[in-house]
Number of protein chains: 2
Amino acid sequence: MDDLKAFRQWRSRTPGHPENFETPGVEVTTGPLGQGFANAVGLALAEKHLAARFNKTDLNIVDHYTYVILGDGCQMEGVSNEAASLAGHWGLGKLIAFYDDNHISIDGNTDIAFTENVSARYEALGWHTIWVKNGNTGYDDIRAAIKEAKRVKDKPTLIKVTTTIGFGSPNKANTYSVHGSALGSKEVEATRSNLQWFHEPFHVPDEVKRHWSHHIDEGASLEAEWNAKFAEYEKKYHQEAAELKSIISGELPSRWDNALPTYTPESSPDATRNLSQQCLNSLAKVIPGFLGGSADLATSNMTLLKMFGDFQRDTPEERNIRFGVREHGMGAISNGIAVHSPGLIPYCATFFVFTDYMRAAIRLSALSESGVIFVMTHDSIGLGEDGPTHQPVEQLFSLRAMPNILMLRPADGNETSGAYKVAVLNRKRPSVIALSRQKLPQLKGTSVDSVSKGGYIISDNSSDNKPDLIVIGTGSELEIAEKAADELRKEGRTVRVVSLVCWELFEEQPEKYKESVLPSEVTSRISIEAGVTFGWEKYIGQKGKAIGIDSFGISAPAGKIFKELGLTVENVIAAAKAL
Amino acid sequence: MDDLKAFRQWRSRTPGHPENFETPGVEVTTGPLGQGFANAVGLALAEKHLAARFNKTDLNIVDHYTYVILGDGCQMEGVSNEAASLAGHWGLGKLIAFYDDNHISIDGNTDIAFTENVSARYEALGWHTIWVKNGNTGYDDIRAAIKEAKRVKDKPTLIKVTTTIGFGSPNKANTYSVHGSALGSKEVEATRSNLQWFHEPFHVPDEVKRHWSHHIDEGASLEAEWNAKFAEYEKKYHQEAAELKSIISGELPSRWDNALPTYTPESSPDATRNLSQQCLNSLAKVIPGFLGGSADLATSNMTLLKMFGDFQRDTPEERNIRFGVREHGMGAISNGIAVHSPGLIPYCATFFVFTDYMRAAIRLSALSESGVIFVMTHDSIGLGEDGPTHQPVEQLFSLRAMPNILMLRPADGNETSGAYKVAVLNRKRPSVIALSRQKLPQLKGTSVDSVSKGGYIISDNSSDNKPDLIVIGTGSELEIAEKAADELRKEGRTVRVVSLVCWELFEEQPEKYKESVLPSEVTSRISIEAGVTFGWEKYIGQKGKAIGIDSFGISAPAGKIFKELGLTVENVIAAAKAL
């Protein structure tokens, strides 16, 4: 009751919108419209997948419904249509959505902007639909609708429940003024009188308490029942039980990271998107809850798990998820999968530039501590001919600016494996891994474990901690940094090359370590990165030189673009000489 | 022909995706899926609006159809559903969309992720639908479908045209391998032979040339006809003609900016969202092509134009657009309005944090040089109780990182007017104006015209150009900067306060001006801004102190959050003393 009284107050468990990290029992952080609905599709997907993998003819160990309530605003958002289309396609029969059809949104009656036939749209998306005409008091109708929804096993169900917003308030019901504002004392009085409710504020009558407290025993007995069932399951199906347990607990198998490939400078050059596929496939073999997919770019993002088939309506035990061209829905569904069980580790993929399509979901992943792995290939102008609409230049910084998320840009095989190691270990914050389309050499000096420090020295010919120059690079430009350093070293200069693969992790290192990598004394610094230079001042200081791209890209072969935009060894050398 | 041969080459007019700024005749920059379709809804809205305003019973001066082609990928994207729902709601009868139903996307057959009934969905959204079953060679059916679409005047039409991707290629037709890759010489030969096409590469037979060149005369005569009609219109309806001309040419009325309100420190404190509404209403009175709206937050964003009604199906001459909760669609539709005519100046609004929902459209606005005005209220933790999902902290930087866009964060009335002046003048780059929910005082030292310099001194008690300290603020924190400076001045220190209202504009100033505002000699610098501190190194240097918020916000009354997170006068003073 104290929590309720602290509604919307500092550090209360009852903030303005439900937050899974503030309030026990809140499963997903929602508020931004349409997200919760898409999360629910992810939750229902997780249930269908786990049920298919772990249930036995004699023991149904995973078996629950996913319920979600959504309003008119959620229905207008594109992300909900994306998620609904997938839910229909996958036949998520245990997903039941209540659409609170109160025909009022913040700007007034929905007639002013929302006159489509929502139920007909859902039918077109492959859903079963039901209409409860009196959602204010038609409890039996709602109960009947739920029963009907459960009977339909091959389709998700939308129950359109027509209601009156502010039901009971004589003067404000059915108006937008009850959406976000309190009724005010006068109207509270009028509403009490209208509803014949004469208890003190915050008083719950005994009768109501009694009614609801039944659920405590009910819940306890359901839990005991399941525990007994699981004990039996464990006896009969030892290996499956262990696997399911690890998914429920989130405990990673021991030495899981040994599965990640390592490389030497002699290993073949390769695109980091291909090296990423090696990681994904290695991880899926050892981590039972590892699953994911791409927004219709699996063969470009290189995200297919070769040992598994597609998660589909009739093959839900498989782990390759086909999201279609629905980046936003993909992100929000992945958030739902991540919060279903701590051991489910979803990854999802598209071109890096299209993080813009799914940014609202990525932000909720960060805010709600969902450790989704965002696999983002074609990470710079290096993608070439597709041109500026497809070439990210500002996305690195726009994500580095976001709290509680790791933005990783590996330079080669070891760093790609390192990025995945970091991503898997960070179950409470998501990772974005930016990967190249083009081939990159395996560099000397990179390592899997150094990635966890965010930034580290990959080469240095100075004998003290005072090189003449520090060149800092990330991803595909680390090679350029290294080549330029080699040239400068031939001319007798001492040069250090630093890989700054993850700024957030570097910032978390002890001051002493940071100083050992980037000594304050050395102010001759150059950064090179195929993206906007904005933000690099942090590491190169006011005397340093940032080489990057401060405009949109352009359509041409990648090599030509790198050259024309000045991302070259020659340019680094020239900058070094001009410093 | 040379352009075609330079397909996807550096600075060619035939880049990998169509770009309106590279190629004459390309109306909108597309490539990211679903955007072009939503642009088309904006183009059709513009036509309907202008037709309603300018056509006379005897003279139809605005009268054209909008055609758009979209594929399976576009149909899967949520943004297209948002735009389609609005097009149906508005009854855009002259919008004709061809849906290239080739059932192939990049990952293969659309069966793997897209099995909804698209036409039924569009019918639910209020569209008329037609199906052309043979889109490969059924030219007459396509012509008949267009005729039918034109007969239906109260609904937009979706013509589903079933086609074979790579039609004619004997081995690659109907596969994803023809989506983005060239056929290869062997398959080109096979295709030529199959289609009986034996001309040299890049040769257009005379017969074909003749057929298409008819359109040159046809177009010229249509233009002459319209010019004659417009001459007549000009005579009969002088004032309307002048107004329409200014919309077509983009020429602003003389002294339009006099309409913007100015303030003195004695003027009442007010939320910049309210001051923004003054600007919007002032501008709409003097600029004929000024129109826009909000994504269901008109009364929160304060974006209603009081002298106009709602743009709706039967009142298309009005200028308040009700976008519903569809931020992404709103952005893309606004881009379409902006490119329809240079004199149409669309604004669109939501909470600042929800720029994340529409970021892909904002980026295309920047890339395609569409001067949309993005009115973004509730611009920081200052919105209070709604909590972290609604509180932007990283959005300022994520937009400052984007090329060709102005990120403005005005501090008071004068700066808000200044921001709108900049936004209206920048017709080739969009502006994002971040506005407060909470009241702010009218500061001494701010001015409308200084905003165009991006950064300027609002107060300074030093006699030379060497104050002891520079405090830099933006938006709602400029007041805190000023108050702290006053306290420090009382203690005998010389302090300069700088408003950095628009970083991009400040960067464009001559070095001399920048040095006059932020002299390199003065390294004692403090920034204060209610957002992430990342990026401020650029202006405060490595010795400076950035006061901001490097985590997500929290639900509580605004004043409490400012205090708890350290955005206070006391904190600035303490930082000044610690420097």
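Going by an unreviewed UniProt entry, chain A carries the name transketolase and comes from Setaria italica. Among the UniProt annotations of chain A, the heading Catalytic activity (unreviewed entry) holds the following wording: "D-sedoheptulose 7-phosphate + D-glyceraldehyde 3-phosphate = aldehydo-D-ribose 5-phosphate + D-xylulose 5-phosphate".

**As for the sheet that holds strand β20 (residues 545-547) of chain B**
All names here are of chain B. Across the sheet, which stays open at both edges, the five strands sit in the order β16-β18-β17-β19-β20 with mixed pairing between neighbours. Of all the strands in the sheet, the pair left with one neighbour each is β16 (456-460) and β20. If you compare each strand with its neighbour and ignore which way they point, the axes differ by 20° on average. As defined by bridge partners, β16 adjoins strand β18 (residues 495-499) across four bridges and the pair is classed as antiparallel. Counterpart to Y456 in the pairing with β18 is S499. Sheet contacts for helix α16 (residues 478-490): β16, β17 (469-473), β18 and β19 (525-528); angle to β18, the most-contacted strand, approximately 170°.

**Concerning unusual backbone geometry**
It is generally the case that most residues other than glycine have a negative phi and that most peptide bonds are trans. Although it is not a glycine, D296(A) sits at a positive phi angle of roughly 65°. Summarising the element assignment, D296(A) is placed in the loop between β8 (290-294) and α11 (298-301). Classification of D296(A) as buried rests on a relative accessible area of 7%. Here R255(B), not a glycine, exhibits a phi torsion of approximately 55°, which is positive. Inspection of the secondary structure puts R255(B) in the loop between α9 (238-249) and β7 (270-271). By relative accessible area, R255(B) is classed as exposed at 63%.

**Side note on the sheet that holds strand β2 (residues 95-101) of chain A**
Residues and elements named next belong to chain A. Taken in spatial order, the four strands make up an open sheet running β1-β2-β6-β5, and their pairing is parallel. Both outer strands of the open sheet, β1 (66-71) and β5 (128-132), are each paired with one neighbouring strand and no more. Each neighbouring strand pair of the sheet contributes to a mean axis angle of 20°, computed without reference to strand direction. Lying on the sheet, helix α2 (residues 35-54) is in contact with β1 and β2; it crosses β1 at an angle near 165°.

**As for the interface of chain A and chain B**
Listed by partner, the interface residues are 98 residues for chain A and 98 residues for chain B. In total, chain A and chain B occlude about 8,200 Å² of area from one another, counting both sides; carbon and sulfur atoms represent 59% of this. Among the residues of chain A in contact with chain B, W10(A), Y357(A) and R363(A) are the three that bury the most area, contributing 10% of the side total. Where chain A touches chain B, the interface holds twelve salt bridges. Our count for the chain A to chain B interface comes out at 51 residue pairs in polar contact (both at pLDDT 80 or more). Looking at the side of chain A that touches chain B, its residues break down into 41 nonpolar, 30 polar and 27 charged.

**Quick notes on the relation of the copies chain A and chain B**
Structural alignment of chain A on chain B gives an RMSD of 0.0 Å, achieved by rotating through 180° and translating 0.0 Å along the axis. Accordingly, the operation relating the two chain copies is best matched by a two-fold axis. Both copies share a contact surface, since 100% of the interface residues of chain A are interface residues in chain B too.

**Remarks on the confidence of the model for chain A**
Averaged over every residue, the pLDDT of chain A is 97; residues scoring 70 or more account for 100%. With pTM at 0.98, the complex prediction returns an ipTM value of 0.98.

**A few points about a nonpolar patch on the surface**
A surface patch of nonpolar side chains, amounting to about 510 Å² of accessible area, comprises F167(A), L195(A), W197(A), V208(A) and W212(A). Assignment of secondary structure puts V208(A) in helix α8 (residues 206-236).

**Some points on the side chain of S431(A)**
With respect to the helices and strands, S431(A) occurs in strand β14 (residues 431-434). Accessibility expressed as a relative area gives 0% for S431(A), which makes it buried.

**Considerations on the packing of helix α16 (residues 478-490) of chain A against helix α21 (residues 569-578) of chain A**
Residue and element names in this part refer to chain A. Interhelical geometry of α16 versus α21 gives an angle of 55° and a closest axis separation of 8 Å. Looking at the two axes, α16 sits oblique to α21. The chirality of how α16 crosses α21 is right-handed. Of α21, the residues touching α16 (which contributes I480, K483, A484, E487 and L488) are V569, V572, I573, A576 and K577. Taken together, the residues of the contact of α16 with α21 break down into seven nonpolar, no polar and three charged.

**Remarks on the environment of G293(B)**
Residue and element names in this part refer to chain B. Mapping G293 onto the fold places it in strand β8 (residues 290-294). The exposure class of G293 is buried, given its relative accessible area of 4%. Here G293 is in contact with I321, F323, M330, Y347, C348 and A349, once residues within four sequence places are set aside.

**Some remarks on the domain arrangement of chain A**
Residues and elements named next belong to chain A. Here chain A is partitioned into domain 1 (1-214), domain 2 (256-434) and domain 3 (454-578). With centres defined by C-alpha atoms, the gap from domain 2 to domain 3 works out at 26 Å. Each partner contributes to the interface: domain 2 provides 25 residues, whereas domain 3 provides 33 residues. Together domain 2 and domain 3 conceal approximately 2,200 Å² of surface at their shared face, both sides included; 59% is due to carbon and sulfur atoms. The three residues of domain 2 that bury the most area against domain 3 are I381, F397 and R409, which together make up 29% of that side's buried surface. Taken together, the links from domain 2 to domain 3 amount to three salt bridges. Between R429 and E508 there is a salt bridge, with the nearest N and O atoms lying 2.7 Å from each other. On the surface where domain 2 and domain 3 come into contact, there are 14 residue pairs in polar contact (both at pLDDT 80 or more). A total of four residues in the side of domain 2 that touches domain 3 trace back to one element, the largest contributor, which is helix α14 (residues 395-400). Here the side of domain 2 that touches domain 3 is composed, by residue class, of 14 nonpolar, five polar and six charged.

**Thoughts on the UniProt feature "site: Important for catalytic activity" (unreviewed entry) in chain A**
Residues and elements named next belong to chain A. Here the UniProt-annotated "site: Important for catalytic activity" (unreviewed entry) positions come out as H179. With respect to the element layout, H179 can be found in the loop between β6 (157-162) and α7 (185-195). When sequence neighbours within four positions are dropped, the list of residues in contact with H179 reads I106 and I165.

Definitions and limits used
- Residues numbered from 1 in each chain as written.
- Chains lettered and ligands numbered in written order.
- Predicted model: local features only at pLDDT ≥ 70, side-chain atom pairs only at ≥ 80, totals over all residues.
- Heavy atoms only, no water.
- UniProt positions renumbered as here; feature names shortened; annotations may be inferred.
- Pairing = 2+ DSSP bridges.
- Helix = DSSP H or I, 4+ residues; strand = E, 2+ residues; numbered from the N terminus.
- Axes fitted to C-alpha atoms, helices over the stretch in contact; angles between N-to-C directions.
- Contact = heavy atoms within 4.5 Å.
- Buried < 20%, exposed > 50% of the residue type's maximum accessible area, 1.4 Å probe, protein only.
- Buried area = accessible area lost by both parts, 1.4 Å probe.
- Salt bridge = Lys/Arg side-chain N within 4 Å of Asp/Glu carboxyl O.
- Polar contact = N/O pair within 3.5 Å; in protein donor to acceptor, adjacent residues only side chain to side chain.
- Nonpolar A, V, L, I, M, F, W, Y, C, P; charged D, E, K, R; others polar.
- Least-squares fit on C-alpha atoms with pLDDT ≥ 70 in both.
- pLDDT = per-residue confidence, 0-100.
- Patch = residues over 30% accessible without salt bridge, like charges linked within 9 Å, V, L, I, M, F, W, Y side chains within 5 Å.
- Areas by Shrake-Rupley, 256 points an atom, 1.4 Å probe, with all protein chains shown as cover.
- Parallel < 35°, antiparallel > 145°, perpendicular 65-115°, else oblique.
- Left-handed = near helix turned anticlockwise from the far one by under 90°.
- Domains from an automatic or database assignment.

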